[in-house]
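# Notes for the structure review
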Amino acid sequence: MEASRGVSLLLLAIIGCSACVVCRAQIPIPATTDGFVYGRKPPTWGEAVVVEVFNDPICGYCRDAWPVLKKVVDHYGSRVSLIWHPFPLPYHSYSFIASRSLHTVNRINSSFVFPLLENFFKYQEDYYNQPTYKKPTAVVVDEITKNLVLPIIGKSNLDAYRAGFNDSRSDQATRISFKYGCARGVTWTPYFFINGIPIKDSDSPLEYNYWISTLDPLVAKK
């Protein structure tokens, strides 16, 4: 009995120490802030209401939320800024590769990011877990390159894309995006913040009227 108790206490101590190490681990600090700005230059602090969304390119809820979110931001113009963060969910097999593709095309030309995102949303059912279950990863990556990326970036940028995709920097940037979301408490997609505050109704597409009723009072105070 005493031996069992001793083993239990030892295991508890090991778990506690491991938790402390995890809590103290430093997320790598990127050269620029995480996320892609939709439509405009990054907001200057205090000049606009900032909406942030953490999205998985292979998530159906994210796909459904995107058209409304764009409409809302376009409605407010420069008074509301939208920052889109990749957050590849681990249970969507190819979401990390999709997110890495977005980081890669951003290094070539930032104007490619959102057209490529919308391509992922449009054809994401081809890259769900089941349709890709029996395909090697290299085959799926090649399909994504030819079917989704190439129509956006053009043949002239294809070599740069392939080189960038295989560069460790695109892998690191995608990892940081995921860790950044975790550090802010993101556990699913879509996940929304307004001026840094999480929205309680995150986890499903939000209706246009919800956004307007929430943002109107904030915009009026600017």
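Everything discussed here concerns the structure shown above.
Bear in mind that the values here come from a model prediction, so they are computed numbers and not experimental data.

Reading the values: the criteria
Per chain, the residues get numbers from 1 upward, laid out in the order the sequence is written. Thresholds applied to this predicted model are a pLDDT of at least 70 for local features of residues and 80 or more for the giving and counting of side-chain atom pairs; totals over whole chains, interfaces and linings are not thresholded and use all residues. Remark: hydrogens and water are excluded; side-chain values derive from all non-hydrogen atoms of the structure. Each helix is a run of H or I in the DSSP string that is no shorter than four residues. Each strand is a run of E no shorter than two, and both are numbered from the N terminus. Residues adjacent in sequence count toward polar contacts only when both atoms are side-chain atoms; beyond that, a polar contact is any pair of N or O atoms within 3.5 Å, and within protein one must be able to donate a hydrogen and the other to accept it. Contacts are assigned to residue pairs that have any heavy atoms within 4.5 Å of one another. What is called the bend at a residue is the angle between a pair of axes, fitted to the seven residues leading up to and ending at it and to the seven starting from it. Note on classification: 1.4 Å probe, protein chains only; a residue is buried when its accessible area is under 20% of the maximum for its type, exposed when over 50%, partly exposed between these limits. Take the buried residues of types Ala, Val, Leu, Ile, Met, Phe, Trp, Tyr and Cys, join any two whose side-chain atoms come within 4.5 Å, and each joined set is a nonpolar core. Every axis in this analysis is a line fitted to C-alpha atoms, fitted for helices over the stretch in contact. Angles between the N-to-C directions lie between 0 and 180 degrees. Oblique is the label for any angle not covered by the other classes, which are roughly parallel (under 35 degrees), roughly antiparallel (over 145) and roughly perpendicular (65 to 115). Should the near helix be turned anticlockwise from the far one by less than a right angle, the crossing is termed left-handed; should it be turned clockwise, right-handed. Note on residue classes: Ala, Val, Leu, Ile, Met, Phe, Trp, Tyr, Cys and Pro are nonpolar, Asp, Glu, Lys and Arg are charged, and everything else, Gly too, is polar. Under the pairing criterion, centres of Phe, Tyr and Trp rings, with the six-membered ring standing for Trp, must be within 6.5 Å; the plane angle then separates stacked pairs below 30 degrees from edge-to-face pairs above 60, leaving the rest tilted. A pair of strands is considered paired only if DSSP assigns at least 2 bridges between the two. The handedness rule is simple: strands pointing away from the viewer, and a clockwise path from the first strand over the helix to the second, make the crossover right-handed.

### Quick look at the side chain of D171
If you trace the backbone, D171 turns up in helix 7 (residues 168–183). Side chain to side chain, D171 and R175 meet in a polar contact 2.5 Å long. Apart from residues no more than four positions distant in its own chain, D171 is found in contact with F96 and R100.

### Quick look at helix 5 (residues 137–153)
The largest bend in helix 5 is about 35°, located at T145. Turning to helix 5, its buried residues are V140, V141, I144, T145, L148, V149 and I153. On its buried side, helix 5 packs onto helix 3 (95–108), helix 4 (113–123) and helix 6 (158–165). Note on helix 5: the residue one or two positions beyond its end, G154, has a positive phi of about 80°.

### Digging into the nonpolar core
Counting residues in each nonpolar core, the largest one holds 46 residues, and the members touching the most others are W66 and W211. For this core, the leading source of residues is helix 2 (residues 60–76), giving 7 residues. Setting aside chain neighbours within four positions, we find W211 in contact with V51, V68, L69, V72, Y76, F192, I194 and L206. Core analysis: the second largest hydrophobic core is formed by 6 residues, F54, F87, V186 and Y191 among them.

### Examining the packing of helix 2 against helix 8 (residues 208–220)
Axis separation between helix 2 and helix 8 bottoms out at 10 Å; the angle between their running directions is 30°. By the angle between their directions, the pair helix 2 and helix 8 is classed as roughly parallel. Remark: the crossing between helix 2 and helix 8 carries right-handed chirality. Side by side, helix 2 and helix 8 meet where V68, L69, K71, V72, H75 and Y76 of the first sit next to Y208, W211, I212, L215, D216 and V219 of the second. Residues of the contact of helix 2 with helix 8, tallied by class, amount to 9 nonpolar, 1 polar and 2 charged.

### Description of the packing of aromatic side chains
Counted according to the given criterion, the structure contains 13 aromatic pairs. For the ring pair W188 and Y191, a centre distance of 5.3 Å and an interplane angle of 45° mean the geometry is tilted. Judged by its relative accessible area of 33%, W188 is partly exposed. For the ring pair Y191 and F193, a centre distance of 5.5 Å and an interplane angle of 35° mean the geometry is tilted. Pair check on accessibility: Y191 and F193 agree, each one buried. These aromatic residues form a ring-pair network of at least three members: F54, F87, F178, Y180, W188, Y191 and F193.

### Examining the pairing of strand 3 (residues 80–86)
For strand 3, a buried count of 7 out of 7 residues is recorded, marking the element as mostly surrounded by other parts of the structure. By the alternation rule, side chains of strand 3 split into V80, L82, W84 and P86 and S81, I83 and H85, which are all buried. Here strand 1 (residues 36–37) runs beside strand 3; their pairing, made up of 2 bridges, is antiparallel. Within strand 3, the residue paired with V37 across the bridge is I83. Where strand 2 (residues 49–55) lies against strand 3, 7 bridges are found, and the strand directions are parallel. Residue pairing for strand 3: V53 is matched across the bridge by W84. Regarding the hand of the β-α-β motif, the stretch spanning strand 2, helix 2 and strand 3 is right-handed.

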